[in-house]
Amino acid sequence: MNIHPVINCPDLDCVREKLATLGEFLPAGHFIHLDVADGAFTFHKTWNDPVAWAALGTPYRLEVHLMVEHPEKALDAWLAAGAARVIVHAETVTPAEFAAIAAKCAAAGAEAMLSSRPETAVRKLVPYLDLAPGFQVLAVNPGPSGQHFLSLTLGKVKWLRARRPDAIIEVDGGMRPATARAAQEAGADLAAAESWIFGHEDPARAFEELRALRPLPSAWFRNSFPQSIYRERSMESLTEKKLAELAATANRLRADVIRMVAHAGSGHIAGPLGMADVFAAFYFHILRHNSKDPHWPDRDRLVLSNGHICPVQYAALARAGYFPVEELETLRQLGTRLQGHPHRTALPGIETTSGPLGSGIALAAGIALAARMDGARWRTYCLTSDGEHEEGNTWEAVMFAGKMRLANLTVVVDRNNIQIDGFTEKIMPLEPFREKYESFNWHVLEIDGHNFEEITAAVNEAKAIHERPTVVIAHTIPGKGVDFMENDYLWHSKPFKPGEAELALGELRTLRGKVRSEHQ
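The notes below deal with the structure included here. Keep in mind the model is a prediction, meaning the values are calculated, not measured. (Residues numbered from 1 in each chain as written. Predicted model: local features only at pLDDT ≥ 70, side-chain atom pairs only at ≥ 80, totals over all residues. Heavy atoms only, no water.)

1. Let's talk about the state of the cysteines
Evaluation of the coordinates by the stated rule reveals 1 disulfide. Covalent S-S linkage joins Cys9 and Cys14, the inter-sulfur distance amounting to 2.1 Å. Residues Cys9 and Cys14 are joined by a disulfide whose S-S torsion is about -60 degrees; by sign, that bridge is left-handed. Owing to a relative accessible area of 3%, Cys9 belongs among the buried residues under this scheme. (Disulfide = S-S within 2.5 Å. Buried < 20%, exposed > 50% of the residue type's maximum accessible area, 1.4 Å probe, protein only.)

2. What about the packing of helix α13 (residues 276-286) against helix α19 (residues 452-463)?
For the pair α13 and α19, the least separation of the axes is 10 Å and the interaxial angle reads 60 degrees. What the angle tells us is that α13 and α19 run oblique. Handedness of the crossing formed by α13 with α19: right-handed. In contact with Asp277, Val278, Ala280, Ala281, Phe282, His285 and Ile286 of α13, α19 contributes Phe452, Ile455, Thr456 and Val459. The residue inventory of the contact of α13 with α19, partitioned by class, reads 8 nonpolar, 2 polar and 1 charged. (Axes fitted to C-alpha atoms, helices over the stretch in contact; angles between N-to-C directions. Helix = DSSP H or I, 4+ residues; strand = E, 2+ residues; numbered from the N terminus. Parallel < 35°, antiparallel > 145°, perpendicular 65-115°, else oblique. Left-handed = near helix turned anticlockwise from the far one by under 90°. Contact = heavy atoms within 4.5 Å. Nonpolar A, V, L, I, M, F, W, Y, C, P; charged D, E, K, R; others polar.)

3. As for the packing of aromatic side chains
Considering all chains together, one arrives at 8 aromatic pairs under this definition. On the numbers, 5.2 Å between centres and 70 degrees between planes, the contact of Phe282 with Tyr381 is edge-to-face. Residue Phe282 is found in helix α13, and its partner Tyr381 is found in strand β10 (residues 380-385); the two are separated by 99 residues along the sequence. Residues Phe282 and Tyr381 agree in their burial class; the two are buried. Between Trp395 and Tyr437 the ring centres are 5.4 Å apart and the planes differ by 55 degrees, which places this aromatic pair in the tilted class. Taken together, the residues span a long stretch of sequence, with Trp395 in helix α16 (residues 392-404) and Tyr437 in helix α18 (residues 433-439) at a distance of 42 residues. Like Trp395, the residue Tyr437 is buried in the burial classification. Members of the aromatic cluster, each reached through a chain of ring pairs, are Trp395, Phe433, Tyr437, Phe440 and Trp442. (Phe/Tyr/Trp six-rings, centres within 6.5 Å; stacked < 30°, edge-to-face > 60°.)

4. Points about helix α15 (residues 360-374)
The end-to-end C-alpha distance of α15 is 21 Å, a good match for the 21 Å that 15 residues give at a rise of 1.5 Å each. What α15 keeps buried is the set Gly360, Ile361, Ala364, Ala365, Ala368, Leu369 and Ala371. The arc that holds every buried residue of α15, seen down its axis, measures 160 degrees, which confines them to one face. Among the exposed residues of α15, those oriented more than 90 degrees off its buried face are Met373 and Asp374. (Expected span 1.5 Å × (residues − 1). Arc of directions from axis to C-beta.)

5. A few points about the sheet that holds strand β15 (residues 470-475)
What the 5 strands build is an open sheet, ordered β9-β10-β11-β15-β14; its pairing is parallel. Both outer strands of the open sheet, β9 (301-304) and β14 (443-448), are each paired with one neighbouring strand and no more. Strand-to-strand twist of the sheet, defined as the mean angle between neighbouring strand axes without regard to direction, takes the value 20 degrees. Relative to β15, strand β11 (residues 409-415) is paired through 6 bridges, and the arrangement is parallel. Residue pairing across strands places Val411 opposite Val471, the latter belonging to β15. (Pairing = 2+ DSSP bridges.)

Now the structure itself:
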C-alpha cells in the first residue's frame, strides 16, 4: 500500500514540526497530503497559505486536499505553490467545473482527483467517472468520530474500482494497518494517514506498519527476541508450514459456519467469520486442551461471552475432535446439542453457558480467581465482543479483575465495530477504548485479529505479565472472507437468500479467485 502522510495543521509552526518529523524517514520525492479546510465545507479550519508553503522548499511532492466551498478560487495559488495533485469534492463542483479544474491542473503538469464524503451516494459520482484520473474516498466524517471504516466506504471503493480499473483510488481517514489492508482488498491503491503516524511514539515505524499492511511485532516481542519469546513452544513451532495450516483451518471453519447457518435457516454469520482466525489459533495452536479428555483438570479454560457466535466455536471443537464433524449440520435443530447459544453440559469442550450478553468476563474472572486460590497453573481466556462493552456488568467485571490483579486471565475483544443495530461508534461509541481498560489497571495489547503471529505473540506477552490481567483488542473484519458480507452490520444475523450460501462458499474455496477451484 502506498501511504501519503497527512499534514492537517492550525498554523505554520505545526506544519514545520510535522515536516521535520517526516524529514527523519520520508524519502525526497514522496507524496505528502496537505489538508486545506475552510471551516465552511468542514467542521474545522486548517492552515492555508500557499505562498508560505512554497517558501518552505520541501523536497516532497504535494497533494492538496481542498475541503473548501469554492475550490476554483484556491486552485491557481496552490498550483503556483507546486501542487502535483489537487483533490476537490463532488459536493462542491459540478462535472463541468471539475472538467475545467482538471484541464487547468493538466496544463500545470498536475493531476486532479475527485473526493466525496462517506454518505454521498455513488450515483452522484457517475457523471464524473470519465473525467477524473483518480478518486478519493473519505473514510470518516467528521474525522474524530471514526476509528475504522464504515461498510459504505469500502463499498464505494469497490464500486469505483469495478467501474474505473485504471484509476487511482485513495482512502483518507481512520487509517491503521488493519483498515489499510481492508482498503487495499477493496481496491484502493493508496491511503492518506495522519493520526496513526504523527500520534505514534515512533512515526517511522508507524509509516512502515501501514506500508506493510500489518502491525509489526510489539515492543515486548522485539525486545525479547530471540532470548525469551522464541523459547515459547507456541512461537518455536509457528513455522511457515504451520501458518499455512492455520490459515487453511480458519478458512475451513468459515466454510463450516456458512454450511451450518444455511442448513439451519438462521443464525449469526458476520461475527463467526470474523473470529475464525482467533478460534483457529486458540484451538489448534495456543490452548492446552485434550479432545479425548474434555474435563482434563489442567486444561486451559476458554469462556465464550458473546455466545451467539458459537457456530465458529462448534466448528473448531468438531475439527479438533470433540464430536463428529457431521453433527455440525444439526445446528439449531430440535433436540440438537448445538444450540443457538452454547450450553455447558450439552456438548464437550463448552466451559460456560451463555445467552445474556456482557456476562462472560465476570464468569471468566471468577474462574481465574478460583484457579489462583487453588494454585492451579492453567490459564483462563475469555472471548468477548465490542458491543458487549455497552453493558454495565462488563465494566463491573473489568474493574473487579483489575482490582484482584488476575494475571492468569486474558480477555480477547472482537473489535469488529458492528452490532445488531449498526456500527458501535454510532450507537454507543466505545472510543477511547484502550484507555478505558488501562484506567482499570489492565495490560492492553492491540493486534490484527487475522494475523496468527500477532495473536500468538499477544498471548505469549500476556503470560509474561504477572501483576495484572491482559486484554487483547483484536481488530477484525466482520464477515471476513466473503466479499458481500464484509463490514456490513446487516450480516450480524441474517438468513441467506437463495444462492448466497453457494456464492459465499465459492469465495472461500477460491480465496476470492486467487486460486482455481476444482469445482468450477
